[in-house]
Amino acid sequence: MKITTLFCCGLLMLYALFATVYALAGFNILLFVCAGNLYVYRALLSLSGVAGAWLLFWLIAFRPTKFLS
């Protein structure tokens, strides 16, 4: 469970860095990594949705912030 959560966090951070480079420089690193194949590109983008859904589930189920207050 912890490895999955760390993997999803790392994946979303990597996508965030790719989006930052795309926003600032106009170069899409993810599309470059996929060699222009739009099916692979869309599959990797859908993986970010799965990672986000997993982290949302993790935050709701385990409430890691309930002891902060």
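First things first, this report covers the structure right here in the doc. These figures come from a predicted structure and were not determined experimentally.

Thresholds applied
- Residues numbered from 1 in each chain as written.
- Predicted model: local features only at pLDDT ≥ 70, side-chain atom pairs only at ≥ 80, totals over all residues.
- Heavy atoms only, no water.
- Helix = DSSP H or I, 4+ residues; strand = E, 2+ residues; numbered from the N terminus.
- Buried < 20%, exposed > 50% of the residue type's maximum accessible area, 1.4 Å probe, protein only.
- Axes fitted to C-alpha atoms, helices over the stretch in contact; angles between N-to-C directions.
- Parallel < 35°, antiparallel > 145°, perpendicular 65-115°, else oblique.
- Left-handed = near helix turned anticlockwise from the far one by under 90°.
- Contact = heavy atoms within 4.5 Å.
- Nonpolar A, V, L, I, M, F, W, Y, C, P; charged D, E, K, R; others polar.
- Expected span 1.5 Å × (residues − 1).
- Polar contact = N/O pair within 3.5 Å; in protein donor to acceptor, adjacent residues only side chain to side chain.

**A short note on unusual backbone geometry**
Here the phi dihedral of Ala 35 falls at roughly 60 degrees; this positive angle occurs in a residue that is not glycine. Within the element layout of this structure, Ala 35 appears in the loop between helix H2 (29-33) and helix H3 (38-62). The exposed category is assigned to Ala 35, whose relative accessible area is 70%.

**Regarding the packing of helix H1 (residues 2-25) against H3**
Running from amino to carboxyl end, H1 crosses H3 at an angle of 130 degrees, the nearest separation of the two axes being 9 Å. Considering the angle they form, H1 stands oblique to H3. The interaxial crossing formed by H1 with H3 has left-handed handedness. For the pair H1 and H3, the contacting residues are Thr 4, Thr 5, Cys 8, Cys 9, Leu 11, Leu 12 and Tyr 15 in the first and Leu 44, Leu 45, Leu 47, Ser 48, Ala 51, Gly 52, Trp 54, Leu 55 and Trp 58 in the second. Split by residue class, the contact of H1 with H3 holds twelve nonpolar, four polar and no charged.

**Focus: the environment of Ser 48**
Locating Ser 48 in the fold gives a position in helix H3. For Ser 48, a relative accessible area of 21% translates into the label partly exposed. For Ser 48 and Leu 12, which are 36 residues apart along the polypeptide, the C-alpha to C-alpha distance reads 6.3 Å. The contacts of Ser 48, once residues within four sequence positions are left out, are Leu 12 and Tyr 15.

**Comments concerning H3**
Counting along an α-helix, one turn takes 3.6 residues, and residues three or four places apart therefore face a common direction. An ideal rise of 1.5 Å per residue puts 36 Å on 25 residues; H3 measures up with 36 Å between its terminal C-alpha atoms. If you check which residues of H3 are buried, you get Tyr 41, Ala 51 and Leu 55. Elements that come into contact with the buried residues of H3 comprise H1 and H2. In this structure Asn 37 caps H3, since a side-chain oxygen of it lies 3.1 Å from the backbone nitrogen of Tyr 39. Positive phi shows up at Arg 63, right after H3, with a value of about 45 degrees.

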